[in-house]
Structure formats: structure tokens, C-alpha cells
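Now for the letters of each chain:
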Amino acid sequence: MSDLELLEEAKKARKMAYVPYSKYKVGAALMTKSGKIIHGCNIENAAYTPCNCAERTAFFKAVSEGIYDFCKIAVVGGFEDKDADALCTPCGVCRQVMQEFCNPKKFEIVMSDGAKIKTMKLEELLPFGFGPDNLK
């Protein structure tokens, strides 16, 4: 699947976001090494702390189904139903979750500002990340 196609899957997931407070909808499409796509959206909560990002929703859905082999994720975001006009990058907590399950030298994060596509390796977004290998 191309990066553009994966971004389209993230846009589909974004439509499901529950964001009554921030109005900022994020969608993620996580691709497994076998080509399966797991969708995720951000889910807000009145207490704020229990909120969950789209990227973590996708990872947690996958892991809860026994899926652990990932190659890339596409992320799109923006206010309400407007198209994204700036890159929506994963937050630090999401980057840390990615570090837990992915090889940071190989795992790719695909983002778009609506005009350009930017793909980065996890280690570029989380240099010196702390992961399972640090506990060996």
C-alpha cells in the first residue's frame, strides 16, 4: 500500500473521532507487516487525563487482537471536518508506545499537511528512545 493510500485510510478513521472539547480530530491507520490496516481515532473525555490519541488507539486495538508486527502508520488531523493544513505529528506518549512495539530504525510515520506527504522513521521523531532493549 502506498503512503497516499495509507493516508486515505487515516482520513477514514478521523471521521470516527470523539472530540467534543478540543474539536481537533485525528485519525491513524496502522499497517502491519502482512498488509492489514488497523484504524484508530482520538477519543476525548471530560476529565482530560483518560483521553486517548488516535495512534495509541490503533496500537492498542492491534495488540488486543494479538498483532505485534508493524511497518508504518499514517496520521492526519485538523479541526472539525476541515482538511489538515499542517502536519499532525504523534505526541511524545504515542512515540513511546511506538518504541515499545516497533524497530525505530525501520518503522515509518507518514504525515501530510494536505499538500505534501512527509515520511519519517520513528528514531527521527524519538531520538534516544527508551524501549524494551534498554531493560535487557
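Residues numbered from 1 in each chain as written. Predicted model: local features only at pLDDT ≥ 70, side-chain atom pairs only at ≥ 80, totals over all residues. Heavy atoms only, no water.

If you look the protein chain up in an unreviewed UniProt entry, it shows as Cytidine deaminase from Lachnoanaerobaculum gingivalis. For the record of the protein chain, the UniProt heading Cofactor (unreviewed entry) holds the text "Zn(2+)". The UniProt entry for the protein chain carries the following comment under Function (unreviewed entry): "This enzyme scavenges exogenous and endogenous cytidine and 2'-deoxycytidine for UMP synthesis." (UniProt positions renumbered as here; feature names shortened; annotations may be inferred.)

*Asks:* So, helix 2 (residues 54–64): which residues are in play, and what are the values?
*Replies:* All of the buried residues along helix 2 are Ala54, Glu55, Arg56, Thr57, Ala58, Phe59 and Ala62. The secondary structure elements touched by the buried residues of helix 2 are strand 1 (24–32), strand 2 (37–41), strand 3 (70–79) and helix 3 (92–101). Within two residues after helix 2, Gly66 carries a phi angle of roughly 85°, on the positive side. (Buried < 20%, exposed > 50% of the residue type's maximum accessible area, 1.4 Å probe, protein only. Helix = DSSP H or I, 4+ residues; strand = E, 2+ residues; numbered from the N terminus. Contact = heavy atoms within 4.5 Å.)

*Asks:* Give me the lowdown on the nonpolar core, citing residues and values where you can.
*Replies:* Counting residues in hydrophobic clusters, the biggest one holds 23 residues, and the most contacted among them are Leu30, Phe59, Phe70, Ile73, Met98, Phe107 and Ile109. The set of elements that each furnish at least two residues to this core consists of strand 1, helix 2, strand 3, helix 3, strand 4 (108–112) and helix 4 (122–125). Broken down by element, this core gets its largest block of residues, four residues, from helix 2. With residues up to four places along the chain from it excluded, the contact list for Phe107 reads Leu30, Phe59, Phe70, Cys71, Lys72, Ile73, Met98, Cys102, Met120, Lys121 and Leu122. Among the nonpolar cores identified, the runner-up in size contains nine residues, and Leu6, Leu7, Ala10 and Met31 belong to it. (Core = buried A, V, L, I, M, F, W, Y, C linked by side-chain atoms within 4.5 Å.)

*Asks:* Describe in detail the side chain of Lys72, supporting the description with residues and values.
*Replies:* Position of Lys72 among the secondary structure elements: in strand 3. Engagement of the side chain of Lys72 in a polar contact is seen with the backbone oxygen of Met1, the distance being 3.4 Å. (Polar contact = N/O pair within 3.5 Å; in protein donor to acceptor, adjacent residues only side chain to side chain.)

*Asks:* Before we move on, can you summarise the side chain of Asn42 with the specific residues and values?
*Replies:* Residue placement: Asn42 occurs in the loop between strand 2 and helix 2. Only 2.8 Å separates the side chain of Asn42 from the backbone oxygen of Tyr24, close enough to count as a polar contact. Sequence-distant contacts of Asn42, defined by excluding residues within four places in its chain, comprise Ala17, Tyr18, Val19, Tyr24, Lys25, Val26, Asn52, Cys53 and Ala54.

*Asks:* Tell me about the pairing of strand 3, residues and numbers included.
*Replies:* Of all ten residues in strand 3, eight are buried, a share of seventy percent or more. Bridge count between strand 3 and strand 4: four bridges; the pairing is parallel. Within strand 4, the residue paired with Lys72 across the bridge is Glu108. Regarding topology, helix 3 serves as the crossover connection from strand 3 to the parallel strand 4, and that connection is right-handed. (Pairing = 2+ DSSP bridges. Right-handed = clockwise from strand over helix to strand, strands pointing away.)

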